[in-house]
Amino acid sequence: MLRSLRELDVTGRRVLVRVDYNVPLEDGQIADDTRLRESLPTLEYLLAHHAKIILVSHLGRPKGKVVPELRLDPVARRLSEILQRPVTKLDECIGPEVQRATSQMQPGDIILLENIRFYPQEEANDETFARELAQLADCYVNDAFGTAHRAHASTYGVARFLPSAAGLLLEREVAMLSRAVDNPARPFLAIVGGAKLADKIGVLKDLIGRVDAFLIGGSVAFTLLRAQGAPVGSSPVDEKLLDEARATLHAARTAGTQLVLPVDAQIVRGSERAVAPATAIPEGWQGWDIGPQTIELFTHHIKSAKTIVWAGPLGRFEDPPYDEGTRKVAQAIAQSKAFAIIGGGDTAAALHRWGLGQAQNIYCSTGGGATLEFIAGRKLPPIEILRA
């Protein structure tokens, strides 16, 4: 069992809350504030208990350096608007100024620290850095499921030095995703897309034998097709992963897990568009979406599924008409009888755009990689450290 926020004495205390405010920005403004809103139950609970709230988040991938475009000022402004109360943004995460500001907090005050990944010590899970963060607060709450597969200073290290618990969002995520881990209804289907096989290959292998079938789309599919010897034109292929891709295909066959690859694709060359067999894409052409036959094939599998987990769009959904595959598969899921978990990021954003994220049988997780790793049965250190 996870230690719950409800079990933590937060009244009048400084609470360091790890949130996931890694939101999309356009022209310096937040393009989608879903992740801010997902944190509201935890924040409202803390405010109702007169806590002093110190928020910690990352934004983007600054790789341990200060990147002005990735400062959290737009996040503080938008969160203040949503909560209808001041949110004080600091320009650092540690140091005398931060210590002074946090020591002077009153119940109900909210401080947002600067982008935690401006510090290389964060991703290194540096113990001294974690201790400095811990000194700012009296207790710690992790509500950032989207980063729960990374043992960083602010997601794992701090929990070693403070009374700690899971926030309401993290608690809900674990409860919902456990439905796909603990005796899931079958057939159990995993839909895997996105841009990079490198981000998915490990979890793909872990899911073999756990799921009954994979439906593979996005750029991930082209490396697997190429591994089978198929010409995929100029579509993106991770040459370094071809051997591992072949091993994964073999492992799936050996385990009796179906691995369904696209049979056709929408392809592009300059301003030209066409549909071609996925195993015979002409040189100079790129696959940008799954084709109509593949949509029909995937829909057939979805209709009989009882549990579905989906991570990664199936094409360039941000560039219509190459959103067709992702959109029609999402519609098929919404119309199915399956319990479906959508693994955060682009996939969830796409479903919300089409009004499908609220379908009764769909749960949109705030995690991407974390969702897949949890369902694959991996132990996620930031979650394990919160278990009673």
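Nothing here was measured: the structure is a model prediction, and the numbers come from that model.

Time to look at the overall build of the protein chain. Regarding its fold elements, the protein chain presents 16 helices and 17 strands. The principal-axis extents of the C-alpha atoms in the protein chain amount to approximately 65 × 45 × 35 Å. Taking all 388 residues of the protein chain together, 57% fall into the buried category. Looking at the protein chain alone, contacts between residues at least 24 apart form 74% of all its contacts between residues at least 6 apart. Counting only carbon and sulfur atoms, one obtains 47% of the accessible surface of the protein chain, whose full area is about 16,500 Å². Averaging the positions of the 44 positive and the 46 negative side-chain charges in the protein chain gives two centres separated by 4 Å.

Next up on the list: unusual backbone geometry. In this chain, Arg186 is followed by Pro187 through a cis amide linkage whose omega measures 5°. Mapped onto the elements of the fold, Pro187 is located in the loop between helix 8 (168–177) and strand 9 (188–192). That bond from Pro320 to Pro321 is cis: its omega, 10°, falls within 30 degrees of zero. Here Asp27, not a glycine, exhibits a phi torsion of approximately 55°, which is positive. Looking at the element boundaries, Asp27 is found in the loop between strand 2 (25–26) and strand 3 (29–30). Residue Asp27 is classed as exposed on the basis of its relative accessible area, which comes to 81%.

The next point concerns helix 11 (residues 242–255). Between its first and last C-alpha atoms helix 11 spans 20 Å; for 14 residues at 1.5 Å apiece the expected length is 20 Å, and the two agree. Contact partners of the buried residues in helix 11: helix 9 (201–207), helix 10 (220–227) and strand 11 (258–260). Gly256 occupies a position one or two residues after helix 11 and carries a positive phi of about 75°.

As a further point, take the pattern of salt bridges. A pair can form between side chains of opposite charge whenever their charged atoms are brought close. On inspection of all chains with the given rule, the structure shows 24 salt bridges. With a shortest N-O distance of 2.7 Å, Glu244 and Lys205 are connected by a salt bridge. With Glu244 in helix 11 and Lys205 in helix 9, the pair connects residues that are 39 residues apart, well separated along the chain. Taking the relative accessible area as the measure of exposure, Lys205 reaches 36% and is therefore partly exposed.

The biggest cluster of nonpolar side chains holds 112 residues, and the ones touching the most others in it are Leu55, Leu113, Leu133, Phe214 and Ile216. Per element, the largest residue contribution to this core is 6 residues, and it comes from helix 10. Grouped together as the second largest cluster of nonpolar side chains are 25 residues, Leu189, Ile191, Ile302 and Ala338 included.

What follows concerns the sheet that holds strand 15 (residues 307–311). With parallel pairing, the 6 strands of this open sheet are ordered in space as 11-10-9-15-16-17. Every interior strand has two partners, whereas the edge strands, strand 11 and strand 17 (362–365), have only one. Taken pair by pair, the neighbouring strands of this sheet meet at an average axis angle of 15°, ignoring direction. Pairing analysis gives 4 bridges linking strand 9 to strand 10 (residues 213–216), with the strands arranged parallel. What sits directly across from Ala190, in strand 10, is Phe214.

Mapping Glu173 onto the fold places it in helix 8. In this structure, Glu173 is buried with no salt-bridge partner, the nearest side chain bearing the opposite charge being Arg172 at 5.2 Å. Not counting residues up to four positions away in its chain, the partners in contact with Glu173 are Phe145, Tyr363, Ser365, Thr366 and Gly367.

Here the focus is the pairing of strand 7 (residues 139–142). Residues Cys139 and Val141 of strand 7 are buried on one face, and the alternating residues Tyr140 and Asn142, pointing to the opposite face, are buried as well. Judged from the 4 bridges that link them, strand 1 (residues 14–18) and strand 7 form a sheet pairing that is parallel. Across the sheet, Val17 pairs through a bridge with Val141, a residue of strand 7. With 3 bridges connecting them, strand 7 and strand 8 (residues 164–166) associate as parallel partners. Paired with Tyr140 across the strands is Ser164, a residue of strand 8.

Under the definition given, this model contains 3 aromatic pairs. Between the aromatic rings of Phe145 and Phe374, the centroid separation amounts to 6.4 Å while the plane-to-plane angle is 70°, which identifies the pairing as edge-to-face. Pair noted here: Phe145 is in the loop between strand 7 and helix 7 (153–157) and Phe374 is in helix 15 (residues 369–375), with a separation of 229 residues, a long-range link. Exposure remark for Phe145: the relative accessible area of 0% places this residue in the buried category.

Turning to helix 14 (residues 345–353), a few remarks are in order. Within the sequence span of helix 14, burial applies to Thr347, Ala348, Ala350 and Leu351. Considered in projection along helix 14, the buried side chains sweep an arc of 155° and stay on one side of the axis. Looking at the buried positions of helix 14, the neighbouring elements they touch are strand 15, helix 13 (324–334), strand 16 (339–343) and strand 17.

Attention now moves to a positive patch on the surface. A cluster of like positive charges, contributed by Arg61, Lys63, Arg150 and Lys196, occupies part of the molecular surface. One can find Lys63 in the loop between strand 4 (52–56) and helix 3 (73–83). Classification of Lys63 by relative accessible area gives exposed; the value is 69%.

Criteria and thresholds
Per chain, the residues get numbers from 1 upward, laid out in the order the sequence is written. Two thresholds apply to this predicted model, a pLDDT of at least 70 for residue-level local features and 80 or more for giving and counting side-chain atom pairs, whereas whole-chain, interface and lining totals are computed over all residues. No hydrogens and no water enter the side-chain calculation; it runs on all heavy atoms of the structure. Helix and strand assignments come from DSSP, with helices taken as H or I runs of at least 4 residues and strands as E runs of at least 2, each series counted from the N terminus. Throughout, exposure labels follow a simple rule: accessible area from a 1.4 Å probe, protein chains only, divided by the maximum for the residue type, with under 20% read as buried, over 50% as exposed, and the rest as partly exposed. Pairs of residues are marked as contacts when any of their non-hydrogen atoms sit within 4.5 Å. Exposure was quantified through the Shrake-Rupley algorithm and a 1.4 Å probe, taking into account, for residues, occlusion by the shown protein chains and nothing else. Charge counting treats Lys and Arg as positive and Asp and Glu as negative, with His and both chain ends excluded. Positions of charges follow a simple convention, taking NZ of Lys, CZ of Arg, CG of Asp or CD of Glu. By this rule, a helix spans an expected 1.5 Å times one less than how many residues it contains. The rule for a salt bridge is simple: a side-chain nitrogen of Lys or Arg has to be within 4 Å of a carboxyl oxygen of Asp or Glu. Nonpolar cores were defined as sets of buried Ala, Val, Leu, Ile, Met, Phe, Trp, Tyr and Cys residues, with membership established by side-chain atoms within 4.5 Å. One requirement defines pairing of two strands: DSSP has to find at least two bridges between them. Note on geometry: axes are lines fitted to C-alpha atoms, helical ones only across the stretch in contact, with angles between N-to-C directions running from 0 to 180 degrees. Here a Phe, Tyr or Trp ring, Trp counted by its six-membered ring, pairs with any other such ring whose centre lies within 6.5 Å, and the pair is stacked when the planes are under 30 degrees apart, edge-to-face when over 60, and tilted otherwise. The directions considered for the arc are those from the helix axis to the C-beta atoms. A patch consists of residues exposed above 30% relative accessible area that lack any salt bridge, with like charges linked at up to 9 Å and nonpolar side chains (Val, Leu, Ile, Met, Phe, Trp, Tyr) linked at up to 5 Å.

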